[in-house]
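As a plain string of letters, each chain reads:
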Amino acid sequence: MLDFFTIFSKGGIVLWCFQGAGVTESFTGPVNALIRSVILQERGGNNSFTHEALSLKYKLDNEFELIFVVGFQKILTLTYVDKFIDDVQLHFRDRYKNELEQKGTLKLLNSTFAFEDAFSELLKLAEESSKARSPVPMRSFKESEKSQKTVKSMIETKGGDKGKEQGGKKSKNTKKEGECCLLRVVVRMFGSLLHSVANVLQLLKSPKPQKPKEKQKRVWDNAGSSDKNLDYSDKNGAGSGDGEKNLEAQFDPRVQINSMKGDLLSVDYDSSENGEEEEEEEEEEEEVGGGFGGMFGMLKGLVGSKSLSRDDMEPVLEKMRDHLIAKNVAADIASQLCDSVAKKLEGKVMGTFTTVASTVKQALQDSLVQILQPKRRVDILRDVMEAQSQRRPFVITFCGVNGVGKSTNLAKISYWLIENGFSVLIAACDTFRAGAVEQLRTHQRRLNSLHPPEKHGGRPVVQLYEKGYGKDAAGIAMEAIAYARNQAFDVVLVDTAGRMQDNAPLMTALAKLIAVNMPDLVLFVGEALVGNEAVDQLVKFNQALADHSMSDKPRLIDGIVLTKFDTIDDKVGAAISMTYITGQPIVFVGTGQTYNDLRSLNARAVVSALMKA
């Protein structure tokens, strides 16, 4: 029934494996897919994984850093697998505890784990127990408790039966009262000791001076260094000519926009309130300690060499889940992240004088950084140069819902590419929205004014390919790519119409455009303002691209452009939701209205903003 069962360490050493009779294919492919897609990406909220025709179930042993994986055909319904993998874990731990406690790769390699007999016995018991389970027959009415009730027993009286109930429970109550008295004595004995310990801790803890919170002035990059630049009172009358020249200089794009050569700057956050954040963290840990039972809970949390259980982490995880949702992370994603952290820490031995709250918070922080970091190389400049060597244009398609800033961020990316010496052709494939072509034409004219054709051999660095409105978007994109290949353009940026994820005709048209033209990069443009909606948008966009594709391996979303990032302060949860649901990186971040306001994602800065109280 089982195709394979394997036990390996988190370092990648296979300690023991089993392969079912008649199974010829190796289990390394499915297991490697599980490691890449789930374990390395901190997606352990669900203990099942599907790879082609196989279903995989896995269990983590954090104390000995082991992973137990079982694989079987997904058409089978094996109800005993969950209990079976738990039994195998317990038997393997108990049987080879001494070998597993010896840390080191060489010691594990030199150890032998002869587990075949015990595994066969456990598998036989599990299969027999599943077969022995027969459906429970339905009870007749006479056998049920409802048939024994009478009309008199169903009538409620005010205090008539209370005396009987109290009399019947008198012996139990006296026993409970005796236990409560004993507990009160124990609590009083330790009360004075705990009170003295609390006083000592209070004396040792030096109070930190409170910093007055003041709102910091925002300094705009394009603003002048002096307020006198805004005073036009002396420029009336005879001095109007000079005023017009100053106005032209002020609105000249070359004055406002800086160079963007090389890689993009990363999104960063000011850490001017580190002291306040530390105080908030300490207060949070004290509150969590109080949740475990006042001073008892605080001292319990500070004791080292203690293995964590799910009950210990549950109050902290509940607060973390609410915190993530408040920071705009989708509710389902927040729950899955907390479940993944719980599985990662369950059974792990805590260090000395470390609290449960700090341990859980650090594990969640590491998981979030791992999720946001790209799983593959993201270097568009290098990819464009590789396409240049093959004498073809590098094609990027932008898609997304209405009003998220596709055309604006397309213009920002065009400016960045031009600054790095590439020529750009913009394909106006939004043939639906009124004014879409005119908006792109305005951006083209402005970008060409920043980089005049005289400086580039008389050839405009940006050109617009458009066929008006009401045309087939896929056909326009195909013609634009052919035109770019003939005219030796380096990059083609395809602008598409905004569409809601529930609009089936428009989603079909987008899937057709991507399937026909096969762009090098498909970027989903999404707002940083959305919460739960981000999950729905990305899932349905990917589903539409997969359903309407004409190949066995459909083209899905390759990356994300996160816009309006300057409007959300520290509510950066949309970045987590989008990356988690797709597994694709955030390639660009829009942080403003000018061409300079384009950044790359800094995973650690985003996570620090997300975890800030």
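By the naming in an unreviewed UniProt entry, the protein goes by SRP receptor subunit alpha and is assigned to Nothobranchius furzeri. Looking at the protein in UniProt, the text filed under Subcellular location (unreviewed entry) is "Endoplasmic reticulum membrane". Looking at the protein in UniProt, the text filed under Sequence similarities (unreviewed entry) is "Belongs to the GTP-binding SRP family."

> Sorry if this is basic, but what is going on with the pairing of strand 7 (residues 424-429) here?
Side chains on a regular strand alternate between the two faces of the sheet. Counting buried positions along strand 7 yields six of six residues, so the element is predominantly enclosed. Neither face of strand 7 is open: one carries Val 424, Ile 426 and Ala 428, the other Leu 425, Ala 427 and Cys 429, and all of them are buried. Taken together, the four bridges between strand 7 and strand 8 (residues 462-465) define a ladder with parallel strand orientation. In the strand pairing of strand 8, Val 424 is matched with Val 462. Viewed along the sheet, the connection from strand 7 through helix 18 (residues 436-450) into strand 8 turns out right-handed.

> Please explain the pattern of salt bridges as it appears in this structure.
When their charged atoms lie close together, side chains carrying opposite charge are able to pair. All chains considered together, the criterion is met by 17 salt bridges. Taking the shortest distance from any N to any O, the salt bridge between Glu 314 and Arg 310 comes out at 3.3 Å. A residue pair is termed a helical-turn pair when its members lie 3 or 4 positions apart in one helix, as Glu 314 and Arg 310 do in helix 13 (residues 310-326) at four residues. Assessed through its relative accessible area of 29%, Arg 310 is described here as partly exposed.

> How should the packing of aromatic side chains be read in this particular structure?
In the structure shown here, the tally under the stated rule is 19 aromatic pairs. Centre to centre, the rings of Phe 92 and Tyr 96 are 5.0 Å apart; their planes meet at 50°, and the pair counts as tilted. Classification of Tyr 96 as buried rests on a relative accessible area of 6%. A network of ring pairs unites the aromatic residues Phe 5, Trp 16, Phe 18, Phe 68, Tyr 80, Phe 84, Phe 92, Tyr 96, Phe 113, Phe 115 and Phe 119 as a single cluster. Over the aromatic face of Phe 489 sits the side chain of Arg 459, whose NZ or CZ is 4.4 Å from the ring centroid.

> Looking at this structure, how should I read helix 15 (residues 356-372)?
Because the α-helix completes a turn every 3.6 residues, residues three or four places apart line up on one side. Taking 1.5 Å as the rise per residue, helix 15 with 17 residues should run 24 Å; its terminal C-alpha atoms sit 25 Å apart, in good agreement. The buried count for helix 15 comes to twelve of 17 residues, which makes it a mostly enclosed element.

> Please explain the nonpolar core as it appears in this structure.
As a rule of thumb, soluble globular proteins bury nonpolar side chains together. In this structure, Trp 416 and Phe 588 are the most contacted members of the largest nonpolar core, which totals 116 residues. Of all the elements, helix 15 adds the most residues to this core, at nine residues. If sequence neighbours within four positions are ignored, Phe 588 has contacts with Leu 264, Ile 380, Ile 413, Trp 416, Leu 523, Ile 560, Val 561, Leu 562, Leu 598 and Arg 599. Of all hydrophobic cores here, the second largest spans 27 residues; its members include Ile 7, Tyr 96, Phe 113 and Phe 119.

> What is the right way to look at the environment of Ile 481 in this model?
Within the secondary structure, Ile 481 sits in helix 19 (residues 473-486). Separated by twelve residues in sequence, Ile 481 and Leu 493 place their C-alpha atoms 9.4 Å apart. The residues contacting Ile 481, other than those within four sequence positions of it, are Pro 393, Val 395, Val 492 and Asn 517.

> Help me understand helix 1 (residues 28-39) in this model?
Looking at helix 1, one finds that the buried residues are Pro 30, Val 31, Ala 33, Leu 34 and Val 38. Buried residues along helix 1 cover an arc of 155° about the axis, so they all sit on one side. Residues of helix 1 that are buried in the fold lie against strand 1 (4-9), strand 3 (48-51), strand 4 (54-61) and strand 5 (66-73).

> Any chance you could explain the sheet that holds strand 4 here in plain terms?
Across a sheet, strands are paired by hydrogen bonds formed along the backbone, either parallel or antiparallel in direction. Taken together, the five strands give an open sheet; going across it, the order is 2-1-5-4-3, and neighbouring strands pair in antiparallel fashion. Whereas interior strands pair on both sides, the edge strands pair on one side only; in this sheet they are strand 2 (14-19) and strand 3. With strand direction ignored, the average angle separating the axes of adjacent strands in the sheet is 20°. Across four bridges, the pairing between strand 3 and strand 4 is antiparallel. Within strand 4, the position partnered with Phe 49 by the bridge is Leu 56. Helix-sheet contacts for helix 1 involve strand 1, strand 3, strand 4 and strand 5, and the interaxial angle to strand 3 is about 125°. Set on the sheet, helix 2 (residues 81-95) makes contact with strand 1, strand 2, strand 4 and strand 5; between it and strand 4 the angle comes to about 40°.

> Would you explain the side chain of Asn 448 in this entry?
Structurally, Asn 448 is set in helix 18. Residue Asn 448 is classed as buried on the basis of its relative accessible area of 13%.

Calculation criteria
- Residues numbered from 1 in each chain as written.
- Predicted model: local features only at pLDDT ≥ 70, side-chain atom pairs only at ≥ 80, totals over all residues.
- Heavy atoms only, no water.
- UniProt positions renumbered as here; feature names shortened; annotations may be inferred.
- Buried < 20%, exposed > 50% of the residue type's maximum accessible area, 1.4 Å probe, protein only.
- Helix = DSSP H or I, 4+ residues; strand = E, 2+ residues; numbered from the N terminus.
- Pairing = 2+ DSSP bridges.
- Right-handed = clockwise from strand over helix to strand, strands pointing away.
- Salt bridge = Lys/Arg side-chain N within 4 Å of Asp/Glu carboxyl O.
- Phe/Tyr/Trp six-rings, centres within 6.5 Å; stacked < 30°, edge-to-face > 60°.
- Lys NZ or Arg CZ within 6 Å of the ring centre and 35° of its normal.
- Expected span 1.5 Å × (residues − 1).
- Core = buried A, V, L, I, M, F, W, Y, C linked by side-chain atoms within 4.5 Å.
- Contact = heavy atoms within 4.5 Å.
- Arc of directions from axis to C-beta.
- Axes fitted to C-alpha atoms, helices over the stretch in contact; angles between N-to-C directions.

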